[in-house]
Amino acid sequence: MRWRLVDQGHGEGAARLLETDGNRALVESSQPFPTGATLIGIELETGVEYRVKVRHGRREDERWFRIEGRFLSLTKEQREAVLAAVAPQS
């Protein structure tokens, strides 16, 4: 699942959901986010907004940051979508 990051004073960016259990989220982001911040991403395909409350973030390489957190206020449909996005393909 790929997202466009909402401009929160640092410009727009890109992110993708790497792992989730439907509550916790591991995201790869082109922007850093401090602990306690809220990452806001708009899914590229559907335009649906997802919010992740950041627990921890670290630089992965020159371009990407790995962000750990938890989803805020997911609907049932959103939870199903994020779980389907990371489900193993058979």
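Worth saying up front: this structure is predicted, and the values here are computed from it rather than measured. (Residues numbered from 1 in each chain as written. Predicted model: local features only at pLDDT ≥ 70, side-chain atom pairs only at ≥ 80, totals over all residues. Heavy atoms only, no water.)

> When you look at the overall build of the chain in this model, what are you seeing that I'm missing?
Helix and strand content of the chain: 1 helix and 6 strands. Tracing the chain from N to C terminus, the helices and strands come up as β-β-β-β-β-β-α. Here the C-alpha radius of gyration of the chain, 12 Å, is about what a compact globule of 90 residues would show, namely 12 Å. Summarising its shape, the C-alpha atoms of the chain cover approximately 35 × 25 × 20 Å along the three principal directions. (Helix = DSSP H or I, 4+ residues; strand = E, 2+ residues; numbered from the N terminus. Rg over C-alpha atoms; globule rule 2.2 N^0.38 Å.)

> Would you mind showing me how to read unusual backbone geometry here?
Glycine aside, negative phi is the norm for most residues, and most peptide bonds take the trans geometry. Of note in this structure, Ser-73 is not a glycine but carries a positive phi near 55°. On the basis of relative accessibility, which here comes to 71%, the residue Ser-73 falls in the exposed class. (Buried < 20%, exposed > 50% of the residue type's maximum accessible area, 1.4 Å probe, protein only.)

> Would you take a moment to explain the pattern of salt bridges for this structure?
Oppositely charged side chains are able to pair whenever their charged atoms sit close together. In this structure the tally under the stated criterion is 7 salt bridges. When the shortest N-O distance is used, the salt bridge between Glu-12 and Arg-4 registers 3.4 Å. Judged by relative accessible area, Arg-4 falls into the partly exposed class, the value being 32%. Across the pair Glu-60 and Arg-66 runs a salt bridge whose closest N-O atoms are separated by 3.5 Å. A relative accessible area of 22% means that Arg-66 is categorised as partly exposed. Several salt bridges converge on common partners, so that one network encompasses Arg-58, Glu-60 and Arg-66. (Salt bridge = Lys/Arg side-chain N within 4 Å of Asp/Glu carboxyl O.)

> In this structure, what is going on with the nonpolar core? I would like to understand it.
Side chains of a nonpolar character, in soluble globular proteins, are inclined to be buried together. Counting 18 residues, the largest nonpolar core has Trp-3, Leu-17, Val-27, Leu-39 and Phe-71 as the members making the most contacts within it. Those elements that place two or more of their residues in this core are strand 1 (2-5), strand 2 (13-20), strand 3 (24-29), strand 5 (49-59) and strand 6 (65-71). Beyond its immediate sequence surroundings of up to four residues, Val-27 is in contact with Trp-3, Ala-15, Arg-16, Leu-17, Leu-18, Leu-39, Phe-65, Arg-66 and Ile-67. (Core = buried A, V, L, I, M, F, W, Y, C linked by side-chain atoms within 4.5 Å. Contact = heavy atoms within 4.5 Å.)

> Just checking my understanding: could you explain the layout of surface pockets for this structure?
To find leftover empty space, one rolls a probe the size of a water molecule over the atoms. In this structure, the largest pocket occupies an estimated 160 Å³ of space. Around the largest pocket, the lining residues are Glu-19, Thr-20, Asp-21, Arg-24, Ala-25, Leu-26, Arg-55, Glu-68, Gly-69 and Arg-70. Only strand 2, strand 3 and strand 6 provide two or more residues apiece to the lining of the largest pocket. Broken down by class, the residue content of the lining of the largest pocket amounts to 2 nonpolar, 2 polar and 6 charged. (1 Å grid on protein atoms, 1.4 Å probe; cavity = no way out; pocket = protein on both sides within 12 Å on 5 of 7 lines; lining within 4 Å. Points joined across faces, edges and corners; volume = space filled by probe spheres on them. Nonpolar A, V, L, I, M, F, W, Y, C, P; charged D, E, K, R; others polar.)

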